[in-house]
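Each chain, written out:
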Amino acid sequence: MIEHRAEIIWRCDGDFARGTYSRVHEIRLDSGVSIPGSSSPHVVPEPASDPFALDPEEALVAALSACHMLWFLDHARRSGHEVASYRDDARGRMGRRPDGRMWLAEVDLRPRIGWASMVPAPTEIERLHELAHHDCFIANSVMTEVRVKPA
């Protein structure tokens with residue numbers, strides 16, 4: 001089994017007992033990349049959060065988008081299509097579950113694909129997106145509704 005690691009490092013800055021402490025932290029990935037992390041400023045207002053740091057909800061939306069793209073590119077290549085560029089304006093929306101808990105209820109992927117060769121038929125592009133969604137490890141790991149809406 002493949003293992004992926006992330007180290008999350010946080011130190012108290014502020015008054016923990018009163019809840020006025022910083023939620024800013026460091027995310028260290030097993031690749032060696034370090035990313036500033038924070039709670040979402042929509043959940044915990046500034047200055048306790050950092051709007052320029054990656055929050056968990058953004059990370060999940062980005063992971064779903066990147067995973068879908070990587071599988072799409074692979075299926076396009078295996079099907080004989082040449083992709084020149086891929087850009088996604090992915091958007092996730094929070095909601096309340098019936099039990100009242102918040103969750104990332106839905107994510108819309110909005111990929112724009114630039115083709116290096118002949119543009120495939122719309123049905124073929126749809127097939128490639130369906131295959132990518134089916135194979136995406138992240139989409140297979142969440143209950144969030146993931147919709148693909150090609151531009």
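Reference entry: report on the structure contained in this document. In this text, all values refer to a predicted model and were calculated from it rather than measured experimentally.

### Looking at the environment of A48
Then comes step 1: Within the secondary structure, A48 sits in the loop between β3 (34–37) and α1 (56–78).
Then comes step 2: What makes A48 buried here is its relative accessible area of 12%.
Then comes step 3: Between the alpha carbons of A48 and A62 there is a distance of 23 Å; along the sequence they are 14 residues apart.
Then comes step 4: Filtering out sequence-adjacent residues up to four positions away, A48 remains in contact with Y21, S22, R23 and V24.

### Observations concerning the layout of surface pockets
Then comes step 1: In this structure, the largest pocket occupies an estimated 510 Å³ of space.
Then comes step 2: What lines the largest pocket is a set of 19 residues, and nearest its centre among them are A6, I27, L29, A59 and A63.
Then comes step 3: Broken down by secondary-structure element, the contributors of at least two residues to the lining of the largest pocket are β1 (6–9), β2 (25–29) and α1.
Then comes step 4: Ranked by residues supplied to the lining of the largest pocket, first place goes to α1 with 6 residues.
Then comes step 5: When grouped by side-chain class, the residues that make up the lining of the largest pocket number 13 nonpolar, 3 polar and 3 charged.
Then comes step 6: What lines the second largest pocket is a set of 15 residues, among which S40, H42, D55, E57 and M94 lie closest to the centre.
Then comes step 7: Listed by contribution, the elements that provide at least two residues to the lining of the second largest pocket are α1, β5 (91–96) and β6 (102–109).
Then comes step 8: With 3 residues, α1 is the single largest residue contributor to the lining of the second largest pocket.
Then comes step 9: Of the residues belonging to the lining of the second largest pocket, the class tally is 8 nonpolar, 3 polar and 4 charged.

Conventions adopted
- Residues numbered from 1 in each chain as written.
- Predicted model: local features only at pLDDT ≥ 70, side-chain atom pairs only at ≥ 80, totals over all residues.
- Heavy atoms only, no water.
- Helix = DSSP H or I, 4+ residues; strand = E, 2+ residues; numbered from the N terminus.
- Buried < 20%, exposed > 50% of the residue type's maximum accessible area, 1.4 Å probe, protein only.
- Contact = heavy atoms within 4.5 Å.
- 1 Å grid on protein atoms, 1.4 Å probe; cavity = no way out; pocket = protein on both sides within 12 Å on 5 of 7 lines; lining within 4 Å.
- Points joined across faces, edges and corners; volume = space filled by probe spheres on them.
- Nonpolar A, V, L, I, M, F, W, Y, C, P; charged D, E, K, R; others polar.

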